[in-house]
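Breakdown of the fold
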Amino acid sequence: MRESLCHSNLVKRDAVLVNGMYLNGPTLDIKTTYKFVEDAVSLILDEAVRKGTDILEKVCEWQPPEKLKEILDLELREGGEPHSKILKRCQDVIRYSVKTGHPHFFNQLYAGMDPYSLVGRFIIETTNPSLYTYEVAPVFVLTEDAVLRKMMEFVGWQEEGDGIFSPGGSISNMYAVNVARYHRCPDIKEQGLSAVPRLVLFTSQECHYSVTKAAAFLGIGTKNVYAVSSDERGKMIPAELEKQVLRAKAEGACPFMVNATSGTTVLGAFDPLDEIANICQTHNLWLHVDACWGGAALLSRRHRHLLKGIQRANSVAWNPHKMLTAGLQCCAFMVRDKTGLLQRCHSARASYLFQQDKFYDMNYDTGDKSIQCSRKPDSFKFWLLWKAVGTYGLEERVNKAIALARYLAVEIQRREGFRLLMEPEYANVCFWYIPPSLRKMPESKEFWEKIHNVAPLIKERMMKKGSMMIGYQPHGGRANFFRQIVISPQLGRADMDFVLDEIDKLGKDL
Ligand SMILES: *Cc1c(COP(=O)(O)O)cnc(C)c1O
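For the structure given in this document, a descriptive report is provided here. Predicted, not measured: the structure shown is a model, and the values here were computed from it.

**Some points on the overall build of the protein chain**
- Each helix and strand counted, the protein chain has 15 helices and 14 strands in total.
- Relative to the compact-globule value of 24 Å for 510 residues, the protein chain shows a C-alpha radius of gyration of 26 Å, a close match.
- Along the longest, intermediate and shortest principal axes, the C-alpha atoms of the protein chain span 85 × 60 × 40 Å.
- In the protein chain, which comprises 510 residues, the share counted as buried stands at 42%.
- Relative to all contacts within the protein chain whose residues are 6 or more apart in sequence, the contacts with residues 24 or more apart total 71%.

**Description of unusual backbone geometry**
- Of the consecutive residues leucine 328 and glutamine 329, the connecting peptide bond is found in the cis state with omega at -15°.
- Looking at the element boundaries, glutamine 329 is found in the loop between strand S9 (315–318) and strand S10 (331–335).
- Despite not being glycine, asparagine 128 has its phi angle at roughly 45°, a positive value.
- Topologically, asparagine 128 is positioned in the loop between helix H5 (115–127) and helix H6 (138–155).
- Asparagine 128 gets classed as exposed once you count the C-beta atoms within 10 Å, which come to 10.
- Residues other than glycine seldom take positive phi values, yet threonine 325 does so here, at roughly 55°.
- With respect to the secondary-structure elements, threonine 325 resides in the loop between S9 and S10.

**Description of the site of the ligand**
- The environment of the ligand is made up of 15 residues, and the closest members are Gly168, Gly169, Ser170, His208 and Trp293.
- When its residues are assigned to classes, the shell around the ligand shows four nonpolar, 10 polar and one charged.

**Brief notes about the sheet that holds strand S13 (residues 469–475)**
- An order of S3-S13-S14-S12-S11 is seen for the five strands of this open sheet, with the pairing classed as mixed. Strands at the two margins of the open sheet, each flanked by one partner only, are strand S3 (105–106) and strand S11 (418–420).
- Direction of pairing for strand S12 (residues 428–433) relative to strand S14 (residues 478–485): antiparallel, over a ladder of four bridges. When the sheet's bridge partners are listed, asparagine 428 is paired in S14 with isoleucine 485.
- Packed on one face of the sheet, helix H14 (residues 445–465) meets S12, S13 and S14 and runs near 35° to S14.

**Some thoughts on H5**
- Under the 1.5 Å per step criterion, the end-to-end length of H5 is 18 Å for 13 residues, consistent within 8% with the ideal 18 Å.
- Buried within H5 we find Tyr116, Ser117, Gly120 and Arg121. Viewed along the axis of H5, the buried residues span an arc of 145°, placing them on a single side of the element. The outward face of H5, more than 90 degrees from its buried face, is lined by the exposed residues Glu125 and Thr126.
- Looking at the packing, one finds that the buried side of H5 touches helix H13 (379–414).
- Where H5 terminates, the next one or two residues include asparagine 128, which has phi positive at roughly 45°.

**Observations concerning the nonpolar core**
- Residues Leu201 and Leu287 are the most contacted members of the largest nonpolar core, which totals 129 residues.
- In terms of residue count, the dominant contributor to this core is H13 (15 residues).
- Sequence-distant contacts of leucine 201, defined by excluding residues within four places in its chain, comprise Val177, Ala215, Ile220, Asn224, Val225, Phe256, Met257 and Asn259.

**What about the packing of helix H2 (residues 30–50) against helix H4 (residues 83–96)?**
- Remark: H2 packs on H4, axes separated minimally by 10 Å, with the N-to-C direction vectors making an angle of 25°. Classified by the angle between their axes, H2 and H4 sit roughly parallel to one another. Considering how the two elements wind past one another, H2 and H4 form a crossing that is right-handed. Residues Phe36, Asp39, Ala40, Leu43, Glu47 and Ala48 of H2 form the contact with H4, whose own contacting residues are His83, Leu87, Cys90, Gln91 and Ile94.
- Here the contact of H2 with H4 is composed, by residue class, of seven nonpolar, two polar and two charged.

So, how was this worked out
- Starting from 1, residues in each chain are numbered consecutively following that chain's sequence as written.
- Totals for whole chains, interfaces and linings use every residue, but because this is a predicted model, local features are given only for residues with pLDDT of at least 70 and side-chain atom pairs only at 80 or more, for both listing and counting.
- Think of it this way: any DSSP run of H or I at least four residues long counts as a helix, any run of E at least two long counts as a strand, and we number them from the N terminus.
- In this description the radius of gyration comes from C-alpha coordinates, and the expected globular size is given by 2.2 Å times residues to the power 0.38.
- Here a residue counts as buried when 20 or more other C-beta atoms fall within 10 Å of its C-beta, as exposed when 12 or fewer do, and as partly exposed in between; the C-beta atoms come from the backbone.
- Here, residues touch in the contact sense if the C-beta positions derived from the backbone fall within 7 Å of one another.
- Placing the C-beta atom from the backbone, one calls a residue near a molecule or strand if that atom lies within 6 Å of it.
- Under the grouping applied here, Gly and all other residues not named as nonpolar or charged are polar, the nonpolar ones being Ala, Val, Leu, Ile, Met, Phe, Trp, Tyr, Cys and Pro and the charged ones Asp, Glu, Lys and Arg.
- Here, strands pair whenever DSSP counts at least two bridges between them.
- Axis lines are fitted to C-alpha atoms, over the contacting stretch for helices. Their N-to-C directions set the angle, which ranges from 0 to 180 degrees.
- In this scheme, a helix's expected span is set at 1.5 Å multiplied by one less than its residue total.
- Picture the helix axis, draw a direction to every C-beta atom, and the arc is the one those directions span.
- The term nonpolar core means buried Ala, Val, Leu, Ile, Met, Phe, Trp, Tyr and Cys residues held together as one set by C-beta atoms within 7 Å.
- An angle counts as roughly parallel when it lies under 35 degrees, as roughly antiparallel when it exceeds 145, as roughly perpendicular when it falls between 65 and 115, and as oblique in every other case.
- Note: crossing handedness is left-handed where the near helix turns anticlockwise from the far helix by less than a right angle, and right-handed where it turns clockwise.

Here you go:
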C-alpha cells in the first residue's frame with residue numbers, strides 16, 4: 001500500500017506521512033532524470049538543429065488540424081508515460097512543427113538559425129532567470145544594459161537614453177504610446193482617463209497593426225488614430241501628416257504623438273524621418289520610430305541612410321529577432337529621455353521585490369521600468385551573437401540580405417511570368433506570378449481577379465509539398481502578391497533562383 005502511493009525508490013524505512021505525503025526525499029529524482037535531458041538534447045540537435053537547417057529536408061510537414069490532433073494524442077491523463085514514449089513525442093513535435101530556421105522559410109519577418117543566439121537561448125532556458133532584480137539575474141541585467149547602450153549608440157543618441165526589452169515589437173509600440181501620453185499628461189497615472197483631453201496620434205496607413213491595438217488597449221480609441229496617406233512606395237507623406245495634425249487641432253483635440261515606421265511590414269518602406277521630426281518639433285509631438293523591422297539597417301554603413309533622422313526620435317522600437325536573427329523574442333524599446341521617464345511612467349514600487357534597504361546599488365534593479373513582473377532576459381542571446389560575429393559580422397549579414405533581395409528583384413524582372421511590385425529598398429521583395437494561361441490576357445479587372453487566386457493556390461501546394469514557405473497578401477487594392485523576405489545568413493543566390501523556379505513549377509498549370 002505504502003509502495004503504491006509514491007515513487008517507490010524514494011520511500012525510506014523511516015518515512016513520515018504528513019497530509020498523506022511522504023516527506024523523505026524529493027518528488028523528482030534529478031539524477032535519474034538527467035539521462036532524459038541528455039537523450040532529448042541529442043534528439044533536438046539532430047531533428048531540429050541539423051535537419052531543421054538542411055536544405056534537402058522539408059520546411060514543413062503539413063497536416064490538417066483534425067489529423068494532427070489524432071497523430072499527437074493530445075489528451076492529458078492521470079498516469080505518466082515512460083521516457084522512451086516522451087522522447088517519441090518530442091520527435092513528433094519537432095517533425096510536425098514548421099522549421100523556421102530552414103533556409104527556405106521566407107514566410108515571416110524572422111528566419112534563419114543563428115548558432116550563437118541559439119546557444120544563448122539554451123542558456124536562458126536552463127538558468128531560467130527573471131530580469132526584475134540584479135539579485136536574481138546579475139549577468140542578464142548587465143547584458144541588457146550593455147546591449148541597450150550599444151543599440152542606442154547606433155540610433156545616434158550621443159548621450160544615450162533609457163530602455164527595456166519587451167516581449168514583442170507590438171508591446172514596444174504600446175510602451176511608446178503609454179510613455180508619450182504620460183509625458184504629455186503625467187496626471188494620467190493616478191487620475192486615469194478622466195484627467196486627459198481627447199488625445200490623437202498619427203501614423204501612416206502602412207504602419208504595423210499594433211499601433212491601432214495600442215490605441216484600443218490604452219483607452220486612446222482607434223478613431224483617435226489618424227491615418228496619414230503614404231506615397232506609392234509606402235512612405236508617409238509629410239504634408240499629409242501636417243494636414244492631419246491641423247485637422248485634429250481644429251477639432252479641438254489634443255495631438256500628442258506621431259508613429260513613423262522604418263521598414264514597413266509589407267513593403268519594407270522607410271518613412272522620411274527628418275521631415276516628420278520637423279513637423280513634430282513645430283507641433284510639440286512625441287516622435288516614436290517603429291524600427292522593429294528596419295532597425296537592423298542602422299548597423300550597415302551602406303544602408304543606414306534609410307533611417308536618416310532617427311536620432312531625433314523620442315522613442316524607438318527595434319526587434320533584433322527579425323533581420324538580426326536573435327531568436328524570438330528579442331525586442332528593444334528605447335527612449336531618448338534620461339530623467340527616468342520610463343521608471344516614473346510604469347513603476348509600482350512593489351516592496352517585496354524592490355526593497356529599499358538592499359546591500360547593493362539598487363539602480364541595477366531595472367524591473368520596475370517594465371509593465372511586466374517576470375521577464376525573460378531576451379537581450380542575452382543578442383549579446384552572445386554580437387560578441388561572436390562582431391558589429392562587422394552583423395553589418396555583413398544585413399548587406400548580404402539586401403543584396404540578395406536586389407538580385408531577386410532583377411531576376412523577377414528578367415523572367416517571363418513574374419512581375420515586380422516595386423524596386424526593394426530593403427529585404428521585402430513583392431511580386432506577382434502570372435501563370436502561362438494568363439500571360440496573353442489583357443490586364444482587365446478579370447485578369448486581376450484571376451491573379452488574386454494564384455498566390456493562395458501556389459501557397460497551398462508549396463505547404464503540402466513542404467518545399468518552402470513564402471507569404472502573400474492583398475494590399476491597398478492590389479491583388480494577392482507574394483512577399484519574399486530575405487533574412488537567413490544561410491542564403492545564397494541559388495536559394496533566390498530556387499524560389500522562382502519552385503513557384504513556376506507549382507503554378508504553371510494554373
Ligand atoms: C514585426 C513588426 C512589429 C511587431 O513586432 P512583434 O515582435 O511581432 O510584436 C511592429 N512593427 C513593425 C514595423 C513590424 O514589422
